[in-house]
Amino acid sequence: MAALVIAEHDNKTLKDATAKTVAAAVQLGAPVHILVAGQGCGAVVDAAAKLAGVEKVLVADDALYARPIAETMAALILSLADRYDTILAPATTSGKNYLPRVAAKLDVPQISEILKVVSADTFERPIYAGNAIQTVQAAAGKKVITVRTTAFKAAASTGSAAIENVAAASDPGTAKFVGETLSKSERPELTSAKIVISGGRGLQSGENFKMLEKVADKLHAAVGASRAAVDAGFVPNDYQVGQTGKVVAPDLYIAVGISGAIQHLAGMKDSKVIAAINKDEEAPIFQIADVGLVADLFKAVPEMEEELSKLGY
Amino acid sequence: MKVLVPVKRVIDYNVKVRVKADQSGVDLANVKMSMNPFDEIGVEEAVRLKEKGKASEVIAVSIGPAQASETIRTALAMGADRGILVKTEGDVEPLAVAKILKAICDAENPGLVITGKQAIDDDSNQTGQMLAALLDWPQATFAHKLELGDGKAGVEREIDGGLQTIEVKLPAVLTTDLRLNEPRYASLPNIMKAKKKPIDEKSPADYGVDTTPRLKVLKVSEPPKRQAGTKVKTMSEFLGKLKEAGVL
Ligand SMILES: Cc1cc2nc3c(=O)[nH]c(=O)nc-3n(C[C@H](O)[C@H](O)[C@H](O)COP(=O)(O)OP(=O)(O)OC[C@H]3O[C@@H](n4cnc5c(N)ncnc54)[C@H](O)[C@@H]3O)c2cc1C
Ligand SMILES: Nc1ncnc2c1ncn2[C@@H]1O[C@H](COP(=O)(O)O)[C@@H](O)[C@H]1O
């Protein structure tokens, strides 16, 4: 039987997380289908149909999925579940929201945030903030999986899948979408940026984050933060990198005024190169940083901007 | 309205875990254990609802070994009214936890269940959602702010793009995110009072739930270790090293 990947999108663009989830699904060795649930999401369907390894795109285009919530998404996925033996979603806040509902209704465990497909029924996943890696084998029956997208390379856009419309499922009517305040930024998304520069409590205020933003703009980098910086209200919650925030794995991660607590490391230690600026030379972040600058950030960051300008950035 | 708060006993978040040499799991011998931090936030939210007169009773539930009664006591010291300990041996997967919680909900009829968004040991992030599904209740995960209305709740949620507001009919399951509140420390008098509050002891069999794991853990291994690199003194050296590494 085939595997079904649930697409993540905003009705306009297909998120990179989907292409990475498809890459994981392809490794299961079965045909891969994608479900696009949305409204007026034609461009998303086209992009999904191009992903290498995808045989078919199921489209549920309905007002019910303009702003999908867990209850409506789970009902839709369950209406299609008979046809699939594996259902996968990216481990984003939306995948994490609806997929466990699907698993519970199918009476199977969910295998959360897989890092690796060992075989069609065996997977690696992180536990204890990534300080241990568990290899788990699923029992016979359906498998429900969320995928840590940083662990997989996005499927290329070289395919051409068939498209099939599917009916909307009924709305349980117990919850409804009210509104959203999304952080707007011209900068790349945190989880797919090649360079990420993050600030911690050491930044002291939201105003001071502007220093990091200037550097980020030069490097086409995304800006992230530690929990302490979010809790203190310097930056919005969606900046948080870590065990209970976003997981990132850019080519370069620059930690500024961040001590390096295990919960923070959990979200960035798979970055290719880690650089840190901290005035405390004993800060744990230096134990994993490839390049460390022991300095006061209020001097170092403006210097960084200046030197980058000199280098032509 | 009763509020049910599941509280899990987990390794303290400050402890650096060690993988056992035989790869059978992590070493929990003589390690400090605490209430899952997200569950402290859950207890705090429930107790605040009671203090505001919106909840009549707060019930803390833990599924785990005998020592999980200490976790329940912590919840009672924070202001929960009574506890239920479902005694188990070995790991209980989120699905089985959700089934036990469902049976407890069927018996207690709470108007709201507040779980943590994630247990910091298994990092599963699924129990609350599974419970909501089993009960056919709506869910409000990753809660940032809760506004309890008449028969419904408005919940602001922390999502990847920012914040989202949804409205759920009650009864519902809420899962806590970090910014929902700042949990209180229990005062000494309240810790003393908590010793007199009742804890019911149950077993999974009392609820007809089979807790045999469905996933087979083949091994638990150490992640690849990163080495400390070089420390530099100036910004130009710093940028030079990054250029050398090919990432600038
Ligand atoms: C359940 C739970 C979940 C959590 N999840 C996360 C998570 O997802 N992500 C996360 O990040 N944390 C998380 N944490 C919090 C984590 O434990 C740490 O508290 C947090 O990461 C610390 O943030 P910080 O490094 O910014 O602050 P601090 O630990 O206070 O470090 C600040 C650093 O800045 C340096 N500094 C100060 N001033 C300057 C200066 N002028 N120049 C240079 N350096 C300076 C200091 O030397 C220090 O090293 C979680 C905690 C819990 C309990
Ligand atoms: N054994 C347990 N006892 C009580 N509550 C639990 C247990 N396991 C999970 N939970 C609840 O479910 C939440 C999410 O856990 P998990 O799905 O394992 O990440 C936790 O924060 C708890 O509120």
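All values reported here derive from a predicted model rather than from experimental measurement. (Residues numbered from 1 in each chain as written. Chains lettered and ligands numbered in written order. Predicted model: local features only at pLDDT ≥ 70, side-chain atom pairs only at ≥ 80, totals over all residues. Heavy atoms only, no water.)

Student: Looking at this structure, how should I read the environment of L131 of chain B?
Tutor: All names here are of chain B. On the secondary structure map, L131 appears in helix 4 (residues 127–135). The spacing of L131 and K145 is 14 residues in sequence and 21 Å in space, taken between C-alpha atoms. Among residues more than four places away in sequence, those in contact with L131 are A98, L101, K102, V113 and V173. (Helix = DSSP H or I, 4+ residues; strand = E, 2+ residues; numbered from the N terminus. Contact = heavy atoms within 4.5 Å.)

Student: I tried to follow a nonpolar patch on the surface on my own but got confused; where do I start?
Tutor: A cluster of nonpolar residues, L188, I191 and M192 of chain B, forms a patch on the protein surface that exposes about 290 Å² of accessible area. With respect to the secondary-structure elements, L188 of chain B resides in helix 5 (residues 188–194). (Patch = residues over 30% accessible without salt bridge, like charges linked within 9 Å, V, L, I, M, F, W, Y side chains within 5 Å. Areas by Shrake-Rupley, 256 points an atom, 1.4 Å probe, with all protein chains shown as cover. Salt bridge = Lys/Arg side-chain N within 4 Å of Asp/Glu carboxyl O.)

Student: Looking at this structure, I do not really get the site of ligand 2. What am I missing?
Tutor: All names here are of chain B. Neighbouring residues of ligand 2: 19 residues in total, closest D39, I63, A119, N125 and T127. Interatomic distance of 2.8 Å between a backbone N/O atom of N125 and an oxygen atom of ligand 2. Here ligand 2 loses 98% of its free accessible area of 490 Å² to cover by the protein chains. For the shell around ligand 2, the secondary-structure elements that each account for two or more residues are strand 4 (57–64), helix 3 (94–108) and strand 6 (112–116). With three residues, the single largest contributor to the shell around ligand 2 is strand 4. (Near = heavy atom within 4 Å. Polar contact = N/O pair within 3.5 Å; in protein donor to acceptor, adjacent residues only side chain to side chain.)

Student: Whenever I open this one, the site of ligand 1 confuses me. Can you help?
Tutor: Every one of the 28 residues lining ligand 1 counts as a neighbour, but R201, S226, Q240, S259 and N278 of chain A are closest to it. Bordering ligand 1 are residues originating from chains A and B. T244 of chain A has a polar side-chain atom sitting 2.8 Å from a nitrogen atom of ligand 1. A distance of 3.4 Å is found between an oxygen atom of ligand 1 and a backbone nitrogen or oxygen belonging to G245 of chain A. Listed by contribution, the elements that provide at least two residues to the shell around ligand 1 are helix 6 (227–231), helix 7 (262–265) and helix 8 (297–310) of chain A together with helix 1 (37–51) of chain B. Here the residues of the shell around ligand 1 sort into ten nonpolar, 13 polar and five charged. (Nonpolar A, V, L, I, M, F, W, Y, C, P; charged D, E, K, R; others polar.)

Student: Can you help me understand the packing of helix 3 (residues 70–80) of chain A against helix 4 (residues 95–106) of chain A in this one?
Tutor: To characterise two packed helices, one gives the angle between the axes of the helices and the distance between these axes. Residue and element names in this part refer to chain A. In contact at an axis separation of 8 Å, helix 3 and helix 4 are set at 45 degrees when each is read in the N-to-C sense. It follows from the interaxial angle that helix 3 and helix 4 lie oblique. Every pair of crossing elements has a handedness; the one defined by helix 3 and helix 4 is right-handed. Here A70, E71, M73, A74, I77 and L78 of helix 3 come into contact with helix 4, specifically with N97, Y98, R101, V102, K105 and L106. Taken together, the residues that form the contact of helix 3 with helix 4 break down as eight nonpolar, one polar and three charged. (Axes fitted to C-alpha atoms, helices over the stretch in contact; angles between N-to-C directions. Parallel < 35°, antiparallel > 145°, perpendicular 65-115°, else oblique. Left-handed = near helix turned anticlockwise from the far one by under 90°.)

Student: Got a minute to help me understand helix 4 of chain B in this structure?
Tutor: Residues spaced three or four apart along an α-helix face the same direction, because each turn holds 3.6 residues. Judged by how many residues are buried, helix 4 of chain B sits mostly within the fold: eight of nine residues are covered. What helix 4 of chain B keeps buried is the set G128, Q129, M130, L131, A132, A133, L134 and L135 of chain B. Looking at the buried residues of helix 4 of chain B, the elements they touch are helix 4 and strand 5 (110–114) of chain A together with helix 3, strand 6, strand 7 (139–148) and strand 10 (172–176) of chain B. Residue D136 of chain B follows helix 4 of chain B closely and has a positive phi angle near 60 degrees. (Buried < 20%, exposed > 50% of the residue type's maximum accessible area, 1.4 Å probe, protein only.)

That is the geometry; function is a separate question.
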